[in-house]
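# Working through the structure, step by step
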Amino acid sequence: MAADLSGKDVERAQFVFSIYDSDGTGAVDCCELGGVLRALNLNPTCATIEKLGGTKKKGEKKLTLDEFLPIFSACKKDKDQGVYEDFLECLKLYDKAENGTMLGAELSHTLLSLGERLEDKEVDEVLKDCLDPEDDEGMVQYVPFLKKLMAA
């Protein structure tokens, strides 16, 4: 067990882990590692998940709670994760009028081309789920978008 986790952290991890333990065997498929970490309010990148032992295909590897806790601890300490404030500062760069809006097309382009790039299908899904409609000038409010995205 990871010694630097608080009792509350371990309790939360046990609860989330039990939800992802779909077959009740006390183990979670490593392809679900990202989901488990995100359910614990962490935002690891795909590269971080892979580095921590996550897999892309179901059935390749399983993880017990005792194996997961050190991973959870390491991910909590990882400074490579994005947080709301980081993403907000990035989107402010596209806010030319400094009024909380940016072009919807620029937001789509940003998701497709910067950082850990998303596929067209993924961008369409994110925008559909999290973005309010554009105004007459093609502008979108990026703060509500970001809040919805981070909540999801």
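Owing to the predicted nature of the structure, the values given are computational and were not obtained by experimental measurement. (Residues numbered from 1 in each chain as written. Predicted model: local features only at pLDDT ≥ 70, side-chain atom pairs only at ≥ 80, totals over all residues. Heavy atoms only, no water.)

## What about the packing of aromatic side chains?
Across all of its chains, the model carries two aromatic pairs by this definition. An angle of 40° between the planes, with centres 5.7 Å apart, marks the rings of Phe 17 and Phe 68 as tilted. Here the residue Phe 17 occupies a position in helix α1 (residues 7–20), and Phe 68 occupies one in helix α4 (residues 65–77), the gap between them amounting to 51 residues. Comparing Phe 17 with Phe 68, the two get one shared label, buried. Measuring from ring centre to ring centre gives 6.0 Å for Phe 68 and Phe 72, while their planes differ by 5°; the resulting arrangement is stacked. Highlighted residues: Phe 68 and Phe 72, both in helix α4, separated by four residues, approximately one helical turn. In textbook terms, an aromatic cluster arises when at least three aromatic residues are bridged by ring pairs, as seen for Phe 17, Phe 68 and Phe 72. (Phe/Tyr/Trp six-rings, centres within 6.5 Å; stacked < 30°, edge-to-face > 60°. Helix = DSSP H or I, 4+ residues; strand = E, 2+ residues; numbered from the N terminus. Buried < 20%, exposed > 50% of the residue type's maximum accessible area, 1.4 Å probe, protein only.)

## A closer look at the domain arrangement of the protein
Splitting the protein by domain gives domain 1 (7–77) and domain 2 (84–150). The gap between the C-alpha centroids of domain 1 and domain 2 is 28 Å. (Domains from an automatic or database assignment.)

## Some thoughts on the nonpolar core
Grouped together as the largest cluster of nonpolar side chains are 21 residues, with contacts concentrated most on Leu 33, Leu 37, Leu 40, Phe 68 and Phe 72. The set of elements that each furnish at least two residues to this core consists of α1, α2 (33–39) and α4. Per-element accounting of this core gives the leading share, six residues, to α4. Once you skip the residues sitting within four places of it in the chain, Leu 33 turns out to touch Ile 49, Leu 52, Gly 53, Gly 54, Leu 63, Phe 68 and Ile 71. Grouped together as the second largest cluster of nonpolar side chains are 14 residues, Leu 88, Cys 130, Leu 131 and Leu 146 included. (Core = buried A, V, L, I, M, F, W, Y, C linked by side-chain atoms within 4.5 Å. Contact = heavy atoms within 4.5 Å.)

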